[in-house]
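Understanding the architecture of this molecule
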Amino acid sequence: MKVVNLKQAILQAWKERWSDYQWAINMKKFFPKGATWDILNLAEALLEQAMIGPSPNPLILSYLKYAISSQMVSYSSVLTAISKFDDFSRELCVQALLDIMDMFCDRLSCHGKAEECIGLCRALLSALHWLLRCTAASAERLREGLEAGNPATGEKQLAMCLQRLEKTLSSTKNRALLHIAKLEEASSWTAIEHSLLKLGEILANLSNPQLRSQAEQCGTLIRSIPTMLSVHSEQLHKTGFPTVHAVVLLEGTMNLTGEMQPLVEQLMMVKRMQHIPTPLFVLEIWKACFVGLIESPEGTEELKWTAFTFLKIPQVLVKLKKYSHGDKDFTEDVNCAFEFLLKLTPLLDKADQRYNCDCTDFLLQECGKQGLLSEASVNNLVAKRAADRKHVPQLKSSENANIQPNPGLILRAEPTVTNILKTMDADHSKSPEGLLGVLGHMLSGKSLDLLLAAAAATGKLKSFARKFINLNEFTTHGSGESTKAASVRALLFDISFLMLCHVAQTYGSEVILSESSTGAEVPFFETWMQTCMPEEGKILNPDHPCFRPDSTKVESLVALLNNSSEMKLVQMKWHEACLSISAAILEILNAWENGVLAFESIQKITDNIKGKVCSLAVCAVAWLVAHVRMLGLDEREKSLQMIRQLAGPLYSENTLQFYNERVVIMSSILEHMCADVLQQTATQIKFPSTGVDTMPYWNLLPPKRPIKEVLTDIFAKVLEKGWVDSRSIHIFDTLLHMGGVYWFCNNLIKELLKETRKEHTLRAVELLYSIFCLDMQQVTLVLLGHILPGLLTDSSKWHSLMDPPGTALAKLAVWCALSSYSSHKGQASSRQKKRHREDIEDYISLFPLDDMQPSKLMRLLSSNEEDANILSSPTDRSMSSSLSASQLHTVNMRDPLNRVLANLFLLISSILGSRTAGPHTQFVQWFMEECVDCLEQGSRGSILQFMPFTTVSELVKVSTMSSPKVVLAITDLSLPLGRQVAAKAIAAL
């Protein structure tokens, strides 16, 4: 007997009353292999026949149940068939469909191709929509029944619908499949949201509290589906966060001029990675600021910290406020942070004592101005602190009474900076005397450092420097001028030159350099600074052409210095004098060496050089420093003596205005310039003292000790203390310069792997991350590109990856990778630009991602594995096995960080797929868990985009990673292929 179609076969089975298994056997005879039952739409055909009458046909339903149980039909085809039924008035039919759903709605699975798994997601979405419509219809009937006085009508069916809804949605796996379906079909999700609103309106009037709360719970579960990945628990068992502390200290100590946005993003990254609650996060920022205020060395550093705390950090918090979910919440969090801060009485008292004022009061007023606290909160907190301060023994000593507190000075200096910038914009030729008055006022006492610190903290230092460069350029020429005008011009030249040198030494020469525009003439000061000014790490050649100007100018300058009783000012071209002085000094030195000039003549010449304008002395010493480096031990005496002569002030009546103020700045500049050379030649030169250490963080390393010992010692101290102080930061920075990135990173990682106590390793990770912030990009390249692959591919080192140090290293690696990846699109900070950058080519040869040669990493791997094929090079395996989301997003693979990440994930993929398991496999699992834990969900450009899609199915086999949420977190759901991979992995769980 030949059956023409499915419908006839079902009808025949019904007529002849076949049992379910008999039906299945006969069906397989009628329809030979080839077409699957889903392609023939068996589930839909059975339901269509079963639902013809007012009540369902039990025999045909039994066929459907048998087909489901024996997996003749897929879950998705059954769900799709059910969702097409829309006559909700046939109560018995609806109940039968709900019973069928009950068979499998909490244990959906699919082991077919990726397309079939995506089909299951879509079918589940349709079924959810159907269930919502069905629930709404039952609730509507119940409402009508209640009005007609017959409550039993719809209650049973409504309870059944809600039960199925709850059962379907309470499974995380189902919610994950719905999450994928929502991204596949946005319009269907909108329909679900509408149905949910409608259902809410109907159920609002429902008197049965149990049904109403059940419905609300289902609604909450549905609404949580789009955001099911962004829920993170915050750390509530900790109160101290050394990473935040160290990042703030590092920024305040080394990068006051840095832009705010990178700092804000870095702080947010730490907050996210460590799940820090906002009040404790803000508290930690304030704690770091107060520690910085207390421990900063006297002088410029102290002013820098004051500006950082009172001007920059409130602005940083204003930017952080934009990241929070509501203004009101954030102000409450800031208020809460201050409440905690006020409990740290000894910390606040110590700061108040040092600065001779109520620091908290200044800070609260500033936060109030910036809208970070309400007026009521400010008043309340100020009153609390004032009450506390009554119990502090006050230092009423005479020397303290007339000290003006720095916080107040800094806050007043900020508007002054703006006014000075306006003054500097005016035409200099109109009233040079007025301008000189303003500049002279700036030089007195600590005004200059106050103004510079305020400008640096508010991001105005670059424009400040620009204005002084323009002024300096304006004063290089003078034509047809009187003696008075000539002396004003000389002073303007000198003050602007000294200020610029001081800024370059205090805040880094990057602040001075203009954005290089082609064709424009480079100002004199920029040229001089780049070619002639000694800086840390910059070696100058004393025979460089920049020190050898036109010989006639040199001769006339030598004659002028040697013959006249004092420097002439009228029509003097100061920039030419500054450029010629180096060659002039060489001539004079040679004459002295050969006995042509006596020491008295040399004294007269040096007095002439420093007598009117101090800049000439600065230029002369700059060359002498370069010259001394090149001389033998017995040849240095006269050059060093000349530096001594130039460093002291001239005691004479005949100096120009503001001479003492200029000398103070000059000696600080010379001290910085000579520091290295004096240390190397073991010479001492007494610079006029200002009573303050001008170079507090210089020469911190103990002599005659191997730097590795210094590194392990300082790290042990920091670990014991639990936080990094600014002195340690400077020592780490010096060691990083000296040893290089690989040496620095490798030795610190060795220290981490020695730790065996869990709490110690966690603390070590928090501290190491903050130490690595000294140059995060380079450290990350070394850590992920050299150190981790070395540990993972060498079986003799696997034991060091055991828990707890292994877990800690995985955490550290993920934190570094995330930080570098999120910030490497931005610019390196000025602090990091000074250091030698690794050559990009090194990374391209180490990690080739093309078809030409297997990567060194993969060759290493294949030698450790019996089955070399799976591991040789990425290209020997099928393309699909190394295909990752980053390739579909066409990420630039010439970028070293991208290459290193891509190779690390290939290595991870091969470890998961290899036959040998060990601590390295466990390490990979911890690494992936940390990635999932830290990721900002829904961010397309995360580091996981470099993971090959095939890794997902390998990871799911690891017990702790086999959860739907993990799969959603590690795949790029913005790509159709990513959604297919996720659906396939989740459907198979």
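Residues numbered from 1 in each chain as written. Predicted model: local features only at pLDDT ≥ 70, side-chain atom pairs only at ≥ 80, totals over all residues. Heavy atoms only, no water.

So, about the overall build of the chain. Each helix and strand in the chain was counted, giving 49 helices and 0 strands. When the accessible surface of the chain is totalled, it reaches about 42600 Å², and 53% of it is carbon and sulfur. (Helix = DSSP H or I, 4+ residues; strand = E, 2+ residues; numbered from the N terminus. Areas by Shrake-Rupley, 256 points an atom, 1.4 Å probe, with all protein chains shown as cover.)

Attention now goes to helix α38 (residues 805–823). For α38, with 19 residues, the first-to-last C-alpha span of 27 Å sits near the 27 Å given by 1.5 Å per residue. Burial of α38 is extensive: 16 of the 19 residues sit out of reach of the surface. (Expected span 1.5 Å × (residues − 1). Buried < 20%, exposed > 50% of the residue type's maximum accessible area, 1.4 Å probe, protein only.)

Here we come to the pattern of salt bridges. Across all of its chains, the model carries 29 salt bridges by this definition. Notably, a salt bridge pairs Lys-754 with Glu-751, separated by 2.8 Å at the nearest N-O pair. Here Lys-754 and its partner Glu-751 are both found in helix α35 (residues 741–754), 3 residues apart, which amounts to about one turn of the helix. A relative accessible area of 55% places Lys-754 in the exposed class. The salt bridge involving Arg-757 is made with Glu-759; its shortest N-O contact spans 2.7 Å. Relative accessible area serves as the criterion here: at 46%, Arg-757 is assigned to the partly exposed category. Judged by its relative accessible area of 46%, Glu-759 is partly exposed. Taken together, the shared-partner salt bridges connect Asp-349, Asp-352, Asp-358, Arg-385 and Arg-389 into one network. (Salt bridge = Lys/Arg side-chain N within 4 Å of Asp/Glu carboxyl O.)

Tracing the backbone through its elements, the reader meets Arg-90 in the loop between α5 (75–83) and α6 (91–104). Among the polar contacts made by the side chain of Arg-90, one reaches the side chain of Asp-87 at a distance of 3.2 Å. Arg-90 has contacts with Met-51, Ile-52, Gly-53, Pro-54 and Phe-85, leaving out every residue within four places of it along the chain. (Polar contact = N/O pair within 3.5 Å; in protein donor to acceptor, adjacent residues only side chain to side chain. Contact = heavy atoms within 4.5 Å.)

Within helix α26 (residues 524–532), the full set of buried residues consists of Phe-524, Phe-525, Glu-526, Trp-528, Met-529 and Cys-532. In this structure, the buried side of α26 is in contact with α24 (461–474), α25 (483–507), α28 (574–593), α30 (614–629) and α32 (659–680).

A few words now on the state of the cysteines. Scanning the model with the defined rule gives 0 disulfides in all. Take Cys-578: it sits in no disulfide, and the sulfur closest to it among the cysteines is that of Cys-619, at 3.7 Å. A relative accessible area of 3% places Cys-578 in the buried class. (Disulfide = S-S within 2.5 Å.)

With that out of the way, let us pick up unusual backbone geometry. The residue after Asp-803, namely Pro-804, is reached through a cis peptide bond having omega 0°. Relative to the assigned elements, Pro-804 resides in the loop between α37 (776–793) and α38. With phi around 50°, Arg-17 is a residue other than glycine that occupies positive phi space. Even without a glycine there, the phi angle at Gln-71 is positive, about 60°. By the element assignment, Gln-71 lies in the loop between α4 (58–69) and α5. Here Gln-71 falls in the exposed class, since its relative accessible area comes to 63%.

Turning our attention to the nonpolar core. Trp-23, Trp-528 and Phe-772 are the most contacted members of the largest nonpolar core, which totals 346 residues. Of the residues forming this core, the biggest block, 17 residues, is contributed by helix α7 (residues 114–147). When sequence neighbours within four positions are dropped, the list of residues in contact with Trp-23 reads Ala-13, Trp-18, Leu-42, Leu-46, Tyr-63, Ala-67 and Met-72. (Core = buried A, V, L, I, M, F, W, Y, C linked by side-chain atoms within 4.5 Å.)

The next subject is the packing of helix α22 (residues 432–443) against helix α23 (residues 447–457). Running from N to C, α22 and α23 point in directions that differ by 95°, and their axes come no closer than 6 Å. By the angle between their axes, α22 is roughly perpendicular relative to α23. Contacts between α22 and α23 involve His-441, Met-442 and Leu-443 on the former and, on the latter, Ser-447, Leu-448 and Leu-451. Its residues placed into classes, the contact of α22 with α23 shows 4 nonpolar, 2 polar and no charged. (Axes fitted to C-alpha atoms, helices over the stretch in contact; angles between N-to-C directions. Parallel < 35°, antiparallel > 145°, perpendicular 65-115°, else oblique. Nonpolar A, V, L, I, M, F, W, Y, C, P; charged D, E, K, R; others polar.)

A separate point is the packing of aromatic side chains. For the coordinates displayed, the defined rule picks out 19 aromatic pairs. Here the aromatic rings of Tyr-75 and Phe-104 are separated by 4.8 Å at their centres, their planes lie at 25°, and the arrangement is stacked. With Tyr-75 in helix α5 and Phe-104 in helix α6, the pair connects residues that are 29 residues apart, well separated along the chain. Considered together, Tyr-75 and Phe-104 belong to a single accessibility category, that of buried residues. Among the aromatic residues, ring-to-ring pairing joins Phe-493, Phe-497, Phe-524, Phe-525, Trp-528 and Trp-574 into one connected group. Sitting over the ring of Phe-281, Lys-271 keeps its end group 5.9 Å from the ring centre. (Phe/Tyr/Trp six-rings, centres within 6.5 Å; stacked < 30°, edge-to-face > 60°. Lys NZ or Arg CZ within 6 Å of the ring centre and 35° of its normal.)

Look at α37 against helix α45 (residues 896–913): their axes get within 10 Å of each other, and the N-to-C directions meet at 20°. When the axis of α37 is compared with that of α45, the two are roughly parallel. Like other packed secondary-structure pairs, α37 and α45 cross with a definite hand, here left-handed. Contact with α37, carried on its side by Gln-777, Thr-780, Leu-781, Leu-784, Gly-785, Leu-788, Pro-789, Leu-792 and Thr-793, involves Pro-896, Leu-897, Val-900, Leu-901, Leu-904, Leu-907 and Ile-911 of α45 and no other residues of that element. Looking at the contact of α37 with α45 residue by residue, the classes come out as 12 nonpolar, 4 polar and no charged. (Left-handed = near helix turned anticlockwise from the far one by under 90°.)

Attention shifts here to the environment of His-245. Checked against the element boundaries, His-245 lands in helix α12 (residues 242–254). On the basis of relative accessible area, His-245 is assigned to the buried category, the value being 6%. Setting aside chain neighbours within four positions, we find His-245 in contact with Glu-284, Lys-287, Ala-288, Val-291, Trp-723 and Val-724.

Right, let's talk about the confidence of the model for the chain for a bit. Of the residues in the chain, 87% reach a pLDDT of 70 or more, and the chain-wide mean stands at 81. Below a pLDDT of 50 lies the segment residues 849–880, which in the model reaches 53 contacts outside its immediate sequence neighbourhood of four places, other chains included. (pLDDT = per-residue confidence, 0-100.)

This brings us to the environment of Asn-746. With respect to the secondary-structure elements, Asn-746 resides in helix α35. For Asn-746, a relative accessible area of 17% translates into the label buried. C-alpha separation for the pair Asn-746 and Val-782, spaced 36 residues apart in sequence, amounts to 8.4 Å.

With respect to the helices and strands, His-275 occurs in the loop between α13 (260–273) and α14 (278–295). On the accessibility criterion, His-275 (13% relative accessible area) is buried. Each C-alpha atom, one on His-275 and one on Cys-934, is 8.3 Å from the other, the two residues being 659 residues apart in sequence. There is a polar contact of 3.0 Å between the side chain of His-275 and the backbone oxygen of Arg-272.

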